[in-house]
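Tertiary structure, described
Residues per chain, in single letters:
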Amino acid sequence: MSGTDVFFPPTEFAGSAHVGSLEAYRDLCRRAEEDPEGFWAGMAEQEVHWFEKWHHVFEWNPPFVKWFAGAKTNAAYNCVDRHLETRGDKAALLFEGEPGDRRTITYRELHSLVGRFANVLKAQGFKAGDRSVIYMPMVPEAVVAMLACARLGITHSVVFGGFSAEALKARIQDLEATLVLTADGGWRRGKEVRLKGAVDEAVADCPGVKCVVVLRRTGCEVTMAAGRDHWWHELEEGVSDECPAEALDAEHPLFVLYTSGTTGKPKGILHTTGGYLTYTTCTMKWVFDLKEDDVFWCTADIGWVTGHSYLVYGPLAAGATCVMYEGAPDYPAWDRWWDVVERYKATILYTSPTAIRALIKQGEEYPNRHDLSSLRLLGSVGEPINPAAWEWYHRVIGKGRCPIVDTWWQTETGGILISPMPGAVPLKPGSGTFAMPGILAEVVDFHGNPVAADGEGFLIVKRPWPSMIRTIWGDPQRFEQQYFSRMPGNYFTGDAARRDADGYFWILGRVDDVMNVSGHRLSTMEVESALVRHPAVAEAAVVGKPHEITGQAVCCFVTLKQGSGSNDHHALAQELRQWVAHEIGAFARPEEIRFSETLPKTRSGKIMRRLLREIVTSHTVTGDVTTLEDLGVVTKLAAQHDED
Ligand code: WT7
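Since the structure is predicted, the reported quantities are computational estimates derived from the model, not experimental observations.

What counts, and at which threshold
- Residues take numbers from 1 onward in each chain, read along the sequence in its written order.
- The model is predicted, so local features are restricted to residues of pLDDT at least 70 and side-chain atom pairs to those at 80 or more, both for listing and for counting; the totals for chains, interfaces and linings are taken over all residues.
- Side-chain numbers come from the whole structure's heavy atoms, not from hydrogens or water.
- Only the stretch in contact is used when a helix axis is fitted, and all axes are lines through C-alpha atoms; the angle between N-to-C directions ranges over 0 to 180 degrees.
- Per the convention used, a helix needs a DSSP run of H or I reaching at least four residues, while a strand needs a run of E reaching at least two, with both numbered from the N terminus.
- By the definition adopted for this analysis, an angle is roughly parallel if under 35 degrees, roughly antiparallel if over 145, roughly perpendicular if from 65 to 115, and oblique otherwise.
- Whether a crossing is left-handed or right-handed is set by the direction in which the near helix is turned from the far one by less than a right angle, anticlockwise for left-handed and clockwise for right-handed.
- Here a residue-residue contact requires only that any non-hydrogen atoms of the pair lie within 4.5 Å.
- Each residue gets one of three labels, nonpolar for Ala, Val, Leu, Ile, Met, Phe, Trp, Tyr, Cys and Pro, charged for Asp, Glu, Lys and Arg, and polar for the others, Gly among them.
- DSSP calls a pair of strands paired once it identifies at least 2 bridges connecting them.
- Should a side-chain nitrogen of Lys or Arg be within 4 Å of a carboxyl oxygen of Asp or Glu, the pair is scored as a salt bridge.
- For every residue, the accessible area (1.4 Å probe, protein chains only) is compared with the maximum for its type, and the residue is labelled buried under 20%, exposed over 50%, or partly exposed between those bounds.
- When at least one non-hydrogen atom of a residue lies within 4 Å of a molecule or strand, that residue is treated as near it.
- What qualifies as a polar contact is a pair of N or O atoms within 3.5 Å, subject to a donor-acceptor requirement within protein and to the restriction that residues adjacent in sequence count only when both atoms come from side chains.
- Every accessible area reported is derived by Shrake-Rupley at a probe size of 1.4 Å, with residue values counting cover from the shown protein chains alone.
- Two rings belonging to Phe, Tyr or Trp (six-membered ring only in the last case) form a pair when the distance between their centres is within 6.5 Å. Interplanar angles under 30 degrees mark stacking, angles over 60 mark edge-to-face geometry, and anything in between is tilted.
- In this scheme, Lys NZ or Arg CZ marks a charge over a ring once it lies within 6 Å of the ring centre and within 35 degrees of the ring normal.
- Boundaries of every domain are those given by an automatic assignment or by a domain database.
- When two parts are put together, the accessible area they lose, computed with a 1.4 Å probe and summed over both, is reported as buried area.

1. Structural notes on the packing of helix α8 (residues 165-175) against helix α9 (residues 196-203)
- Between α8 and α9, the shortest axis-to-axis distance is 8 Å and the interhelical angle comes to 50 degrees. Considering their axes alone, α8 and α9 lie oblique with respect to each other. When the axes of α8 and α9 are compared, the crossing they make is right-handed. Contacts from Ala165, Leu168, Lys169 and Ile172 of α8 reach α9 at Ala198, Val199, Glu201, Ala202 and Val203.
- The residue makeup of the contact of α8 with α9, split by class, is seven nonpolar, no polar and two charged.

Shown next, in the form of structure tokens:
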């Protein structure tokens, strides 16, 4: 085996794993490849409860796919009801609020909460086919909101609480949502993050919104619009908790999640019901090796796809006990996460390289204050994990005992596509190792031909899988153009990758104009559009710049309008950073604003971001995030991509 460090699955781990050897892993892959229909039908039968069975396992008319057509199921039923008999008193959620409030919610209690809230929504006149936007803090009611919608067939779109009123508005409008579920606010770093105010601002321009339900969380003062806004607890008074789950088509739209594309307008990624549930539950076993006694902690916010697939739908459908923590890792001190791991005896921890790097910076004394011996498996997601972060995670958190699963996937893929199976696959730090069974991932050149071992190219997937994106909400052309026009019949991921001589995948980064800041996707164009809406800005070009903690940081090149009267560049830079935070959300706040006389452009007038990217990256960078970035390659591939 090539590569310096290889970590074999610990014997004990492999001995009790769902997939305990390379042969077993390869056997699954072989079965899935040779007989995809039989393989996925078997998985769907094993992992999901169906009210009615399908006529066809899948129908593939590229770029459109249907999974389990003709079947009826319900995501909330799968996440809650079907566990009542066997796991009614098992904890579904172990919740800890940032101020220290704690709640254990069993599957039986979750069933009541979801049923009651679904009845509330029903009484307000909402039904299958309607759309809701959920803009809530990380509290159990956010999960209840998602599941209550799913129970009735209301397609939800969760908007991360860090997004601004402007961003929220754009999403409500694009989805034509008629229902908004929110809270007065949430807690973050000891401060109240007010949500209802942003909802008021957004909904003022959304006449289609008929009803806003507000959860009381922080107790701050809010304004309630008569007839439109209602308190969650008031609507629930005297309402029954028995609400039958609707039998929905396997292809019923479960949720739309907006993510950044290469234009200024975010894309509404549509996921449906049966295939999504099948795949997310399968990966709970394959990737996380989930067992009945595990305590699973995914630190992602429900506003991102990781929160959807691995805090809510995957683990709950698999009957897991999930830790849910509301706030920041450094509140009241940098050992908060380790306190949570110790208190709930978490066995599996799933987080991002950005978080790990931030924790490393604080020193080992924080984790060392706590008993982390309950942990048996660690996971990483969102961006490549650099060797130093991997080593620290493995040694300081996992005490050298816990395998690390480096999981590659995207909002569009719905679930994890490339990751080690921890009981089967030897790890190489920084590599996602191999694809899951049935995922025919390949690294190809510009013509779609596989590249030789160790060669770099575009990462594609050659066959549909159950949890793949179905379309972009309201824009099937953009869906086809974005993912299937380059190599018809194949899903184009937008990532560059390399496969080494052992067949291991190494993800190199995006080939399009998408940045990855703290594992969150952000479009350069989205930030540019926000900047040019400012009265002083003539033109803007935005690129990602390597950053020690967040992987990439937002760097903006700005030209000013003649006579904009701004000589104080320092003050204007501050103002523009704040402006972007207001237009998109605080997490998009640029790290750097550089003023420039002109911007480099192609003859056809396209901004040459790749030159700017070189400018911001060619400086020496502190930290070791650069070690994984083969910028030359990504730049070259990006250039081919641009010129096409
Ligand atoms: C992009 C998807 C999937 C949930 C979080 C992000 C990058 C994701 C990895 C990884 C290297 C990764 C890719 C991908 N990415 N996971 N393990 N190693 N890169 O979801 O916002 O849809 O972003 O994140 O570039 O395309 P997303």
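2. Section: the sheet that holds strand β21 (residues 441-444)
- Strand order across the open sheet formed by four strands is β21-β22-β23-β24, with antiparallel pairing between neighbours. Either end of the sheet is taken by a strand with one partner, and the two such strands are β21 and β24 (505-510). Here the strands of the sheet are splayed against their neighbours by 45 degrees on average, with no regard to which way each runs.
- As paired elements, β21 and strand β22 (residues 456-461) share four bridges and run antiparallel to each other. For Val444, the partnering residue across the bridge sits in β22 and is Phe458.

3. Section: the pattern of salt bridges
- In this structure the tally under the stated criterion is 46 salt bridges.
- Arg108 is the salt-bridge partner of Asp89, the closest N and O atoms lying 3.4 Å from each other. Taken together, the residues span a long stretch of sequence, with Asp89 in the loop between α5 (84-87) and β4 (91-96) and Arg108 in helix α6 (residues 107-123) at a distance of 19 residues.
- As a salt-bridge pair, Glu592 and Arg594 come within 2.6 Å of each other at their nearest N and O atoms.
- For Glu592, a relative accessible area of 19% puts it in the buried group.
- Among the ionic contacts, a cluster of salt bridges with common partners joins Glu96, Arg102, Arg336, Asp339 and Arg343.

4. A word on the site of the ligand
- Taken together, 18 residues are adjacent to the ligand, and Thr407, Thr411, Asp495, Arg510 and Arg521 come closest.
- Interatomic distance of 2.8 Å between a side-chain N/O atom of Asp406 and a nitrogen atom of the ligand.
- Calculation on the ligand without its partners gives an accessible area of 560 Å², and the protein chains cover 94% of this total.
- Sorting the residues of the shell around the ligand by element identifies α12 (305-317), β20 (404-407) and β24 as the ones contributing at least two each.

5. With respect to the packing of aromatic side chains
- The final tally for this structure, using the stated rule, is 41 aromatic pairs.
- Ring centres 6.0 Å apart and planes at 50 degrees place the aromatic pair Phe446 and Phe458 in the tilted group. With Phe446 in the loop between β21 and β22 and Phe458 in strand β22, this residue pair connects regions lying twelve residues apart in the sequence.
- Judged by its relative accessible area of 27%, Phe446 is partly exposed.
- With 5.5 Å between their ring centres and 45 degrees between their planes, Phe458 and Phe492 make a pair best called tilted. You can see Phe458 sitting in strand β22 and its partner Phe492 sitting in strand β23 (residues 491-499), a full 34 residues away along the chain. As far as burial versus exposure is concerned, Phe458 and Phe492 are alike and both buried.
- By the ring-pair criterion, three or more aromatic residues cluster together here, those being Phe39, Trp40, Trp50, Trp54, Phe58, Trp67, Phe68, Tyr279 and Trp286.
- Sitting over the face of the ring of Trp54, Lys53 holds its NZ or CZ atom 5.8 Å from the ring centroid.

6. Side note on the domain arrangement of the protein
- In terms of domain boundaries, the protein breaks down into domain 1 (11-438) and domain 2 (518-643).
- The distance between the C-alpha centroids of domain 1 and domain 2 comes to 31 Å.
- On the side of domain 2, 24 residues touch domain 1, which itself brings 31 residues to the contact.
- Per-residue buried area on domain 1 facing domain 2 is highest for Ser260, Trp304 and Arg357; these three make up 24% of the total on that side.
- Between domain 1 and domain 2 we count one salt bridge in total.
- A salt bridge links Glu412 to Arg521; the nearest nitrogen and oxygen atoms lie 2.7 Å apart.
- Remark: the boundary between domain 1 and domain 2 carries 14 residue pairs in polar contact (both at pLDDT 80 or more).
- Put simply, the parts of the chain that give the side of domain 1 that touches domain 2 at least two residues each are α8, α14 (353-362) and α16 (387-397).
- No other element matches α14, which puts four residues into the side of domain 1 that touches domain 2.
- The residue inventory of the side of domain 1 that touches domain 2, partitioned by class, reads ten nonpolar, 13 polar and eight charged.

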